[in-house]
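Summary of structural features
Letter by letter, the chains look like this.
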Amino acid sequence: MRMGLSATAAALLMVGLWAGLAGAQEKSDTRLTHAQAVKDTIVFVELLELSHPDPYVNMGGKVAFHREVHRLISNLPTEGLMADELGERLGKFLTSLRDGHSFFYGAARGKWMDPSFSLQVDLGIYRDGLFISGTDIPQLKGMRGYKLRGVNGHPIDQIATKYCEKVSCENLYGAYVGCTAIVRSFKLMKDLYPDLDPQGGIIYNLQSPEGIQVDRPIPWEVLREVNRLPREVALQKMNSQRWREKPVRWAGLERSDEMFYFRFFEKQRTAYFRVSTIMGREAYEMADREKIGNSQQMLRDYYQSKNQEMPAHIEQALKGVPSFVEKGEQLLREMQSKGTTRLIVDLRGNRGGYTESVFPFFYQMYRDTYYGHRFPGEYVTRVSQLFLDKNHATLEEMRKELNDPELELGGYHFDEEESLSAVAKRNKAVAEYLDKHYSFAKSLEALDGKPIYTPKKVVVLCDPGTFSAAFQMMAYLKDMGAIVVGVPSSQSPNAFMEKTEFKLPESGLRGSISNSMQIFAPQDPKANIFRPDFEVTYSVFKKYDFDEETALKYALDLLAEENL
């Protein structure tokens, strides 16, 4: 999203996929008549065409899109079907959009999230595939670091391709994430390959670090024995056994469950900042102040996820959420006091949130250089009725907010840089923060255009789990001069963005449709992979003994060797 936007307009163009907002949906026992299924399908297609920025481009154009719609409706059974089955059919239709922000909630999506116990093997993702990082399976003992070439003779990339026919993937790395679950589950493998023999077990086709190919049969009986036990007993049994061959976890980095966490590697003269989500206090404040979606429900979901009771007063509830800006300020002030010139920002596994909530941190670190920077690319928003409803706004209010008097329902708003100086942009943003009584507003005002501290070198860590608003934070930091280290993200640089929820009238099925598009690679419209400056390849993982913190150790060594 363009950073020249006012704080208000930026907040209105909410970006991000946050799992806690999905609203878990139980399996439905609703049965639909043929007429009801047809009605919901037609409503769904209409919502998609009216709300999505471009539902046709990845389906071969408008004619091809409607040919698939015709097939979808024609194939609905005349005797009717269950609501969840309709959700599966509509969800499969959505996969052709290759859009990670458009999907159905609940059982329709959960079909590819097997809730039963899986084979006890951890799989890592490197640039070109998967490898075994840890296991409690006797047949795989001594095989940590082996590449998983395939399963039962099916190459991993073939499994990935078949998975993308079932679940929307923006690129190969999203498919690899899906494969880490599929190849451990009899149910999911059976869904992809119906002829899978439940008696024969599964065969892992492997390749050692030295290049030797081996096959290892694993009986499904390992899973059946565990599944027959009461769940609590099974969990206790599995936890007590883990692991015959544990994943390697670097002792040099202590584990932390904090949303925002930092520490210093004194020997390397480097600070480390772990940002596990873009849903800190500021994100909830923006949702509340800008009336985006249901901010009260978002906060309830947050407190429920922490097994805490939510304070009755909204301001107290907001204060109870960790602040990204406050933690960022603590980090930068400590870096200044220590004279630490290098910073590693860890965005691995960060699924996103509200991109706008990181902008105050950029100001703290980059001062007016941030406000004066012209970022490449473009952000486009489709203004549909769903979008207006989400923002609790009328079309007239949206025209005024976006300074776009000719905007019509179903039209597009093209985000443009404001022709203001860096100082004017900063003053305008801070004034709006103050007007909305954001918790961080006064601390930003006090900076008066100066940074808290600007590191000389910034490195960003990413992996396939770096998605949505986290992907955008990474891209913006890179454009400000940061170096990216890791495995590519599962998000495309040219991607559909921003969750806009809907509900179908007959089935009650709920889901999300993207209403915006980011174009970060305008020179290559078909670009779907953002390549880090230093990729963590198989040889890099091998060098660090397939450690889960390989990307961090690699970055620290690159800094120490002055190779960044």
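Moving on to the pattern of salt bridges. Charged atoms that come close allow side chains of opposite charge to pair. For the structure on display, the rule yields 30 salt bridges. For Glu68, the salt bridge is made with Arg71, and the minimal N-O distance between the two is 2.5 Å. You can see Glu68 and its partner Arg71 sitting in helix α3 (residues 62-74), 3 residues apart, about one turn around the helix. The partly exposed category is assigned to Glu68, whose relative accessible area is 30%. Two residues, Arg399 and Glu408, come together in a salt bridge whose shortest N-O distance is 3.1 Å. Looking at Arg399, the relative accessible area reads 13%, which means it is buried. Using a relative accessible area of 47% as the deciding quantity, one classes Glu408 as partly exposed. Taken together, the salt bridges that share partners define one network made up of Arg255, Arg274, Asp346, Arg348 and Glu549.

Let us now look at the sheet that holds strand β10 (residues 260-265). Taken in spatial order, the 6 strands of this open sheet run β10-β11-β12-β15-β16-β19, and their pairing is mixed. Unpaired on one side and paired on the other, β10 and β19 (534-535) mark the two borders of the sheet. Where strand β15 (residues 457-462) meets strand β16 (residues 483-486), 4 bridges bridge the pair, whose relative direction is parallel. Within the sheet, the bridge partner assigned to Cys462 lies in β16 and is Gly486.

Phi angles above zero are rare outside glycine, and His392 is one such case at about 50°. Within the secondary structure layout, His392 lies in the loop between α17 (385-390) and α18 (395-401). Look at Asp545: it is not a glycine, yet its phi comes out positive at around 60°. With respect to the secondary-structure elements, Asp545 resides in the loop between α22 (538-543) and α23 (550-560). Look at Asp545 and you get partly exposed, because its relative accessible area is 41%.

Turning our eyes to something else, we now look at the nonpolar core. Counting residues in hydrophobic clusters, the biggest one holds 68 residues, and the most contacted among them are Phe273, Phe362, Tyr370, Tyr433, Met473 and Leu477. The greatest single-element share of this core, amounting to 8 residues, is contributed by helix α21 (residues 469-479). Residues Cys179, Met189, Val536 and Tyr538 belong to the second largest nonpolar core, which totals 57 residues.

With that settled, the discussion passes to the pairing of β10. With 6 of 6 residues buried, β10 is to be regarded as a mostly interior element. Every second residue of β10 is oriented toward a common face, with Phe260, Phe262 and Phe264 on one face and Tyr261, Arg263 and Phe265 on the other, all of them buried. Across 6 bridges, the pairing between β10 and strand β11 (residues 270-275) is antiparallel. Residue pairing across strands places Tyr261 opposite Arg274, the latter belonging to β11. Between the antiparallel neighbours β10 and β11 lie 4 residues, among them Arg269 with a positive phi of about 55°.

Right, let's get into α23. Along α23, 8 of the 11 residues are buried, which leaves the element largely enclosed by surrounding structure. All buried positions along α23 are accounted for by Thr550, Ala551, Leu552, Tyr554, Ala555, Leu556, Leu558 and Leu559. Looking at the residues trailing α23, positive phi occurs at Glu562, about 55°.

What counts and how
Residues numbered from 1 in each chain as written. Predicted model: local features only at pLDDT ≥ 70, side-chain atom pairs only at ≥ 80, totals over all residues. Heavy atoms only, no water. Salt bridge = Lys/Arg side-chain N within 4 Å of Asp/Glu carboxyl O. Helix = DSSP H or I, 4+ residues; strand = E, 2+ residues; numbered from the N terminus. Buried < 20%, exposed > 50% of the residue type's maximum accessible area, 1.4 Å probe, protein only. Pairing = 2+ DSSP bridges. Core = buried A, V, L, I, M, F, W, Y, C linked by side-chain atoms within 4.5 Å.

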